[in-house]
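The lines below spell out each chain.
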Amino acid sequence: MPFPRNQWYVAAYGKEIGSEGMLARTICGEPIVFYRTSAGEVAALNDRCVHRRYPLSEGNRDGDTIVCGYHGFTYAPDGRCVAVPGQTRIPRTARVPVYRVVERDSLVWVWIGDAEAADPQAIPRAPWLDSPDWVTVRGMEPLAARYELLVDNLLDLSHETYLHGGYIGTPEVAQTPITTEVDEKAGVVYVSRRMTDVECPPFYARSTGIDGRIDRWQDIEYHPPCLYLLHSRIAPTGVAPLADGDDPRACHAEIVYAITPETETSTHDFWMVSRDFAREDEEVSAFLAESNRTVVLQDVRALDLLEKVIAAEPEGYQELSINIDTGGLAARRLLKRMVEGA
Amino acid sequence: MSGRLRVEWVPGTDELTGVCHCGAVRRAGNPAEIWDFLLDHPAHGTAR
Ligand code: FES
Ligand SMILES: [Fe+2]
Ligand SMILES: [Zn+2]
């Protein structure tokens, strides 16, 4: 399946784009160079010089402009060529395409599609990521697999029991009822799993300090195509949120993924873990960063393998879906509608 | 009514129950059939 166009995608973490240097990244098959201007804005240009197609990201910055590293065509943040070597006349068509960018919640979103259709209001939010009340660890792993495989993976967490045993998986994950919902208007898939009186996996036992049995909630909110939120609540068994919604005795983790296609068979797997507990504890930060990276790499290994299997098979192979796939199948249908532009 | 389509599943049972925002209910043994119904049934409110 091709990529949904006319959509916002996470291109980078804000911190990856500094006031010096450039970041080259391919998003949905489009090579893009990102850099931050002196005004602090992120510029995003097609990473191909109009002259002989040399990647602009291999050139140099000169203030707010980029100088092509091959013959010196110089580009402004709006993509216009402002200087060429040895002559004063600049061809009128000397301009590289630029992309609309919005920096929000510590993420750099880029619009892939027709610029006039871009609506920043449509970008889903993840306010924890730059809130002072939360502490976040994060990373990004390259995935040599099509983005659909990561969507499938994240929408069915019963795989935690098998692929991530000893980290975040416990037997109860695969055994607990799920409710799946689709909001067609908003374009959101929800999958909720509420576990009561269950074992606490090492990932949370060591980070929250909660001893013994827990109530564990996993509430997924997927905003196709790119943003995946997992609202995770960990509390000693029997501890419920207060009537006013306040929940002081529970630990909350907001697990965020941005699923950004690089090419048709590779994906940028951005992962973040925000927490409202043990906020001052550096050791907990290091532990969660390390553990979550390990878990992500377990998925990456499995999905890289799966991509090879699928790529080697003839078109139209038959899969078999069962009840655990309810969320994944809903996500696929919404993605298909987006691709078809429905 | 929430405007959401909902599918309930209890592991150990083999059935899924799908509930449309219009109130229509469908039981099925696999999710593809449930979504076919929920996402595509015309005439909400009359389909039972
Ligand atoms: S390729 Fe960029 S100036 Fe020649
Ligand atoms: Fe996983
Ligand atoms: Zn209906």
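The model shown is predicted, which means the values in this text are computed figures rather than measured ones. (Residues numbered from 1 in each chain as written. Chains lettered and ligands numbered in written order. Predicted model: local features only at pLDDT ≥ 70, side-chain atom pairs only at ≥ 80, totals over all residues. Heavy atoms only, no water.)

Student: I'd like to hear about the overall build of chain B, residue by residue, with values.
Tutor: If you tally the helices and strands in chain B, you get one helix and three strands. Mapped from its N terminus to its C terminus, chain B presents α and β elements in the order β-β-β-α. At a minimum sequence separation of 6, the contacts of chain B that also span at least 24 residues come to 15%. For chain B, the accessible surface area stands at approximately 2600 Å², while carbon and sulfur atoms represent 49% of it. (Helix = DSSP H or I, 4+ residues; strand = E, 2+ residues; numbered from the N terminus. Contact = heavy atoms within 4.5 Å. Areas by Shrake-Rupley, 256 points an atom, 1.4 Å probe, with all protein chains shown as cover.)

Student: Account for the coordination of the zinc ion (ligand 3), with residues named and values stated.
Tutor: All names here are of chain B. Only C20 (SG), C22 (SG), H41 (NE2) and H44 (ND1) from the protein reach the zinc ion (ligand 3) as donors, at distances of 1.8 to 2.4 Å. Because the angles between the four donor atoms bound to the zinc ion (ligand 3) fall within 98 to 117°, the donor set is best described as tetrahedral. All donors to the zinc ion (ligand 3) come from one chain, and their sequence spacing reads C-x1-C-x18-H-x2-H. With C20 in the loop between strand 2 (16–19) and strand 3 (25–28) and H41 in the segment after helix 1 (31–40), the pair connects residues that are 21 residues apart, well separated along the chain. One exposure class covers both C20 and H41, and it is buried. (Donors = N, O, S within 2.8 Å, 3.2 Å for Na, K, Ca; no water. Tetrahedral: all angles 85-135°; square planar, octahedral: opposite > 155°, others 65-115°. Buried < 20%, exposed > 50% of the residue type's maximum accessible area, 1.4 Å probe, protein only.)

Student: Give me the lowdown on the UniProt feature "domain: Rieske" (unreviewed entry) in chain A, citing residues and values where you can.
Tutor: Those places that UniProt annotates as "domain: Rieske" (unreviewed entry) correspond, in this numbering, to residues 8–110 of chain A. For residues 8–110 of chain A, helix accounts for 0% and strand for 41%, while the C-alpha atoms at its two ends are 6 Å apart. (UniProt positions renumbered as here; feature names shortened; annotations may be inferred.)

Student: Explain the nonpolar core to me, using residue names and the numbers behind them.
Tutor: Within the largest apolar cluster, 98 residues are counted, with the highest numbers of intra-cluster contacts made by F34, V110, V189, Y222 and Y228 of chain A together with W35 of chain B. Tallying contributions element by element places helix 5 (residues 282–312) of chain A first for this core, with eight residues. Here this core spans two domains, since at least three of its residues come from each of domain 1 (7–122) and domain 2 (133–341) of chain A. Beyond its immediate stretch of four places on either side in the chain, Y228 of chain A contacts L154, L155, L157, I220, E221, Y222, I255, V256, Y257 and I259 of chain A. (Core = buried A, V, L, I, M, F, W, Y, C linked by side-chain atoms within 4.5 Å. Domains from an automatic or database assignment.)

Student: An account of the coordination of the iron ion (ligand 2) is needed here, citing residue identities and associated values.
Tutor: Residues and elements named next belong to chain A. Listed as protein donors to the iron ion (ligand 2) are H159 (NE2), H164 (NE2), D299 (OD) and D299 (OD); their distances from the metal cover 2.1 to 2.4 Å. Taken together, the four donor atoms surrounding the iron ion (ligand 2) define angles of 57 to 140° at the centre, an arrangement classified as irregular. On the primary sequence, the residues serving as donors to the iron ion (ligand 2) are separated as H-x4-H-x134-D. Each member of the pair, H159 as well as H164, is classed as buried.

Student: Quick one: what's the story with the domain arrangement of chain A, residue by residue and with numbers?
Tutor: Residue and element names in this part refer to chain A. Each assigned domain of chain A is listed with its residue range as follows: domain 1 (7–122) and domain 2 (133–341). Residue-level contacts link 16 residues of domain 1 with 16 residues of domain 2. When the buried surface of domain 1 facing domain 2 is broken down by residue, Y9, V10 and Y13 rank first, second and third, together holding 43% of it. Remark: the boundary between domain 1 and domain 2 carries zero salt bridges. The interface formed by domain 1 and domain 2 contains eight residue pairs in polar contact (both at pLDDT 80 or more). (Buried area = accessible area lost by both parts, 1.4 Å probe. Salt bridge = Lys/Arg side-chain N within 4 Å of Asp/Glu carboxyl O. Polar contact = N/O pair within 3.5 Å; in protein donor to acceptor, adjacent residues only side chain to side chain.)

Student: How would you summarise the pairing of strand 12 (residues 178–183) of chain A if you had to cite specific residues and measurements?
Tutor: Among the six residues of strand 12 of chain A, five are classified as buried, and the element is accordingly described as predominantly covered. Pairing analysis gives five bridges linking strand 12 of chain A to strand 1 (residues 5–9) of chain B, with the strands arranged antiparallel. From the neighbouring strand, E181 of chain A faces strand 1 of chain B, where its bridge partner is R6 of chain B. Sheet topology note: the strand 12 of chain A/strand 13 (residues 188–198) of chain A ladder contains six bridges and is antiparallel. Along strand 13 of chain A, the bridge assignment pairs D183 of chain A with V188 of chain A. Linking strand 12 of chain A back to strand 13 of chain A in an antiparallel pair, the connection comprises four residues, with G187 of chain A at a positive phi of about 70°. (Pairing = 2+ DSSP bridges.)

Student: Go over the sheet that holds strand 5 (residues 60–62) of chain A with me, naming the residues and quoting the values.
Tutor: Residues and elements named next belong to chain A. Here four strands make up an open sheet; going across it, the order is 5-6-7-8 and the pairing antiparallel. Of all strands in the sheet, those bounded by a partner on one side alone are strand 5 and strand 8 (81–83). Both strand 7 (residues 74–75) and strand 8 contribute to a ladder of two bridges, which runs antiparallel. Looking at the pairing, Y75 lines up with C81 of strand 8.

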